[in-house]
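# Observations on the three-dimensional arrangement
Letter by letter, the chains look like this.
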Amino acid sequence: MIDCKHEKLKAWVDETAKICEPDQVYWMDGSEEERIRLEKRAVARGFLIPLDEEKYPGCFYSRSNPNDVARTEHLTFICTNNKEDAGPTNNWMSPKDGYAKAQEFFHQSMHGRTMYVIPFSMGPVGSPFSKIGVEITDSIYVALNMRIMTRVGKSVLEKLGTGGEFTKCLHSRADVAVEHRLILHFPEDNTIWSVGSAYGGNALLGKKCLALRIASWQARKEGWLAEHMLILGIEKDGKTEYVTAAFPSACGKTNLAMLIPPEGLKHKGYKIWTVGDDIAWLRVGPDGRLWACNPEAGFFGVAPGTNSKTNPNAIKTIHKNTIFTNVLLGDDLTVWWEDGEGAPPVSGTNWQGKPWKPGKKDENGNPMQAAHPNSRFTAPAGQCPTISPKWEDPQGVPISAIIFGGRRQRLAPLVLESLGWDHGVYVGSTVASERTAAAVGKVGEVRRDPMAMLPFIGYNVGDYFAHWIEMGKAIPKPPKIFHVNWFRKDEKGKFLWPGYGDNLRVVEWILSRCRGEGKADKTPIGFVPAKDALDLNGLNLAPGAMEKLLEVKTEEWTEELEGVKEFYAKLGDKLPEALSDQFKALKERLKGKVAA
Ligand code: SAT
Ligand code: MN
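### Comments concerning the overall build of the chain
A tally of helices and strands in the chain yields 15 helices and 31 strands. Scaling as 2.2 N^0.38, a compact globule of 596 residues should have a C-alpha radius of gyration of about 25 Å, and the chain matches this with 24 Å. The dimensions of the chain, computed from C-alpha atoms along their principal axes, are 70 × 55 × 50 Å. A total of 596 residues make up the chain; the buried ones form 62% of that total. Long-range pairs, those at least 24 residues apart, make up 73% of the contacts in the chain with a sequence separation of at least 6. Here the chain displays about 23,300 Å² of accessible surface, and carbon together with sulfur accounts for 51% of that area. Distance between charge centres in the chain, computed from 76 positive and 74 negative side chains, equals 2 Å.

### Topic: helix α7 (residues 206-222)
Between its terminal C-alpha atoms α7 stretches only 19 Å, short of the 24 Å expected from 17 residues at 1.5 Å a residue. Residue Ala215 marks the point of greatest curvature in α7, where the axis turns by about 45°. Burial of α7 is extensive: 14 of the 17 residues sit out of reach of the surface. One or two steps after α7, the chain reaches Gly223, where phi turns positive at roughly 80°.

### What about the nonpolar core?
With 114 residues, the main nonpolar core has Trp281, Phe324 and Trp468 as its most contacted residues. Core analysis: the next-biggest nonpolar cluster, separate from the first, contains 35 residues, Ile234, Cys251, Ala257 and Trp486 among them.

### Observations concerning the domain arrangement of the chain
For the chain, the domain assignment lists domain 1 (7-30 + 70-222), domain 2 (227-296 + 388-591) and domain 3 (299-381). Computed from C-alpha atoms alone, the centre-to-centre distance between domain 1 and domain 3 is 29 Å. Listed per partner, the contact involves 10 residues of domain 1 and 10 residues of domain 3. When domain 1 packs against domain 3, close to 790 Å² is buried across both sides, 69% of that on carbon and sulfur atoms. Considering only the side of domain 1, the residues that lose the most area to domain 3 are Tyr141, Ile148 and Tyr199, jointly responsible for 55% of the buried surface there. Across the domain 1-domain 3 interface, the total number found is 0 salt bridges.

### Thoughts on the sheet that holds strand β23 (residues 355-356)
Strand order in the open sheet formed by 4 strands is β21-β20-β22-β23, with antiparallel pairing between adjacent strands. Of all strands in the sheet, those with a lone pairing partner are β21 (335-336) and β23, marking the two edges. Pairing between strand β22 (residues 348-349) and β23: 2 bridges, direction antiparallel. Looking at β23, one finds that Gly348 is bridged to Trp356.

### Here we look at the site of ligand 1
Contacts to ligand 1 come from Arg71, Tyr199, Gly201, Lys207, Lys208, His228, Ser249, Phe300, Arg376 and Ala438. Here Tyr199 contributes a side-chain N or O atom positioned 2.5 Å from an oxygen atom of ligand 1. Here an oxygen atom of ligand 1 sits 3.2 Å away from a polar atom, N or O, in the main chain of Gly201. In isolation ligand 1 has 250 Å² of accessible area, and contact with the protein removes 98% of it.

### Examining the coordination of the manganese ion (ligand 2)
Around the manganese ion (ligand 2), the protein supplies Lys208 (NZ), His228 (NE2) and Asp278 (OD) as donor atoms, at distances of 2.2 to 2.3 Å. The motif formed by the donor residues of the manganese ion (ligand 2), counted along the single chain, is K-x19-H-x49-D. Taken together, the positions of Lys208 in helix α7 and His228 in the loop between β12 (225-227) and β13 (229-236) put the pair 20 residues apart, joining distant regions of the chain. Here Lys208 matches His228 in class, with each residue buried.

### Examining the pairing of strand β10 (residues 182-186)
Within β10, 5 of the 5 residues are buried, which leaves it mostly tucked inside the rest of the structure. Both faces of β10 are covered, namely the face carrying Leu182, Leu184 and Phe186 and the face carrying Ile183 and His185. Of the pairings in the sheet, the one linking strand β4 (residues 76-79) to β10 comprises 3 bridges and is parallel in character. Residue pairing for β10: Phe77 is matched across the bridge by Leu184. Pairing of β10 with strand β11 (residues 191-195), which is carried by 5 bridges, proceeds in the antiparallel orientation. Its bridge partner lying in β11, His185 is registered against Ile192. Where β10 hands over to β11, the hairpin turn is made up of 4 residues, of which Asn190 adopts a positive phi near 50°.

### Considerations on the packing of aromatic side chains
Enumeration over the complete set of coordinates arrives at 22 aromatic pairs. Ring centres of Tyr26 and Tyr116 lie 6.2 Å apart, and the angle between their planes is 80°; on these two criteria the pair is classed as edge-to-face. Highlighted residues: Tyr26 in strand β1 (residues 24-27) and Tyr116 in strand β6 (residues 114-122), separated in sequence by 90 residues. Centre to centre, the rings of Tyr426 and Tyr568 are 6.1 Å apart; their planes meet at 85°, and the pair counts as edge-to-face. Highlighted residues: Tyr426 in helix α10 (residues 421-429) and Tyr568 in helix α14 (residues 554-569), separated in sequence by 142 residues.

### Quick notes on the side chain of Thr76
Of note, Thr76 is situated in strand β4. Classification of Thr76 as buried rests on a relative accessible area of 11%. Here Thr72 takes part through its backbone oxygen, which lies 2.8 Å from a polar atom of the side chain of Thr76. Ignoring anything within four residues of it in the chain, the contact list for Thr76 reads Asn91, Ile183, His185 and Arg213.

### What to know about unusual backbone geometry
Leaving glycine aside, a negative phi is the common case for residues, and trans is the common case for peptide bonds. Even without a glycine there, the phi angle at Glu21 is positive, about 50°. For Glu21, the position within the fold is in the loop between α1 (7-20) and β1. The exposure class assigned to Glu21 is partly exposed, which follows from its relative accessible area of 29%. Although it is not a glycine, Asn190 adopts a positive phi angle of roughly 50°.

### Here we look at the sheet that holds strand β2 (residues 49-50)
Reading across from one edge, β2-β3-β19-β24-β18 is the order of the 5 strands in this open sheet, with mixed pairing throughout. The open sheet has two edge strands with one neighbour each: β2 and β18 (298-302). The sheet contact formed by β18 and strand β24 (residues 376-380) spans 5 bridges and is antiparallel. Residue pairing in the sheet places Val302 in a bridge with Arg376 of β24.

Basis of the calculations
- Residues numbered from 1 in each chain as written.
- Chains lettered and ligands numbered in written order.
- Predicted model: local features only at pLDDT ≥ 70, side-chain atom pairs only at ≥ 80, totals over all residues.
- Heavy atoms only, no water.
- Helix = DSSP H or I, 4+ residues; strand = E, 2+ residues; numbered from the N terminus.
- Rg over C-alpha atoms; globule rule 2.2 N^0.38 Å.
- Buried < 20%, exposed > 50% of the residue type's maximum accessible area, 1.4 Å probe, protein only.
- Contact = heavy atoms within 4.5 Å.
- Areas by Shrake-Rupley, 256 points an atom, 1.4 Å probe, with all protein chains shown as cover.
- Lys, Arg positive; Asp, Glu negative; His and termini not counted.
- Charge placed at Lys NZ, Arg CZ, Asp CG, Glu CD.
- Expected span 1.5 Å × (residues − 1).
- Bend = angle between axes of the 7 residues up to and from the residue.
- Core = buried A, V, L, I, M, F, W, Y, C linked by side-chain atoms within 4.5 Å.
- Domains from an automatic or database assignment.
- Buried area = accessible area lost by both parts, 1.4 Å probe.
- Salt bridge = Lys/Arg side-chain N within 4 Å of Asp/Glu carboxyl O.
- Pairing = 2+ DSSP bridges.
- Near = heavy atom within 4 Å.
- Polar contact = N/O pair within 3.5 Å; in protein donor to acceptor, adjacent residues only side chain to side chain.
- Donors = N, O, S within 2.8 Å, 3.2 Å for Na, K, Ca; no water.
- Phe/Tyr/Trp six-rings, centres within 6.5 Å; stacked < 30°, edge-to-face > 60°.

As structure tokens, this is what we get:
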């Protein structure tokens, strides 16, 4: 039995047990012996199915309730005393109402179950970047996923000592009914309550709930940034430069974080290092640069579309010790998904638990889905072949460029360099993207997703923008800020850019700009690569594709201003002056009144 010397933590666990009434309370120690024991228990109770031990050693299959396959943003709330502190982009509830409502659902929710107490650290234990949380959950699936996604157990409790600060994270799957589902954040109490869902983003409380929503609130108070960003190292001639990149969920962060240099650039000898694929915590370093740390310890990646062409490093990462959720389970105990690796199994059971065969049609005559579009793998980051030697460095890594991106069929050029920090913040604040399957909602619809953080900013978005502007003043040597769009299409709806490994060509130009080298043309919206500035060696683009990819259409951008205006209007007087100034200046540049 693990020995907890933290009286407040013990009292909270006791108090919670009184509400949820579990059969037993179990404190996780993080040991290997524990992993094996819990996996066996999860299998015995039907929560996990072991995969073929030879092909997938240490891997398990899990299927969730079909109503519980993505984040439910409409049931996610920021609970602050003052409604304005949640702002126009969050759902709000008063803490009093939040606790009262959720308490009903937590009441006796753990009958017949074990309550797992999981001390975890976001970031390497003891790093100046790191924050400690304790998750209480009745889901063994969550407990096992948390062991992969965070650092859990004894070392964390030791670090916490007798009185250390921690985020109280309470979770119960309860009856996994949408009517009984709430994901509540109480930033003033450093507390998260999530009930009625076992889906990753709703239930692995260290991830979006702590590392983004609660952390963004803390970061504002403490003078740092918590962002929805991958961290990537690019090594050439023995020197490694790092970038962070923010994209909405399911827009290729994991792929970019693990990219393989394209054939045509091989002669340059690039080595790519993965530091993180989803979340970055950023602080000003002693050298005046911005430094980044990945608070997570694993990857919770989208399965469909992952194969050894799109992301060979991910395929190598997930062949052992991985939990697959809502993909296809082959009768031969392998897994598969749409655009997956190799041929599908000859028969299996799909994510809904229905018998499946290649070519099988559903009741409407459409091909029957094998995997849910938001099906996921949970894999230890250390298994990634390109994992950076610095991924657990307590000091983090120094950042040369911040890249924002969205999924836009038109408008946004392949790459754009902002005119400076404040303009970069403007660019980030106006990111728009077509919806993906990562959250419940209409796929394809364009929505504003500032800094790819729309569902994750834990406070008023106007204050968040103001904090970004302030950070610019606090970083003596700030990174340059860029915007990319891998998803631009031609008139026939075909992607103009191949994406994946070829994105290194764009990152290469970005880094050259950071060194003051790459050639660029100034447009009203920022700098784009000059003709021939991108190395396209070995790439066969359709004739005219590059021109289309870099095209900046003044009329379209002027039209876009209307959408920005509408979004900014929602911020009322919280809109920082620096951003309204940027808006006006851009408008003037688009009219051609001022030199670009
Ligand atoms: O489910 S998660 O929120 O963790 C993944 C994502 O949507 O980015
Ligand atoms: Mn994400």
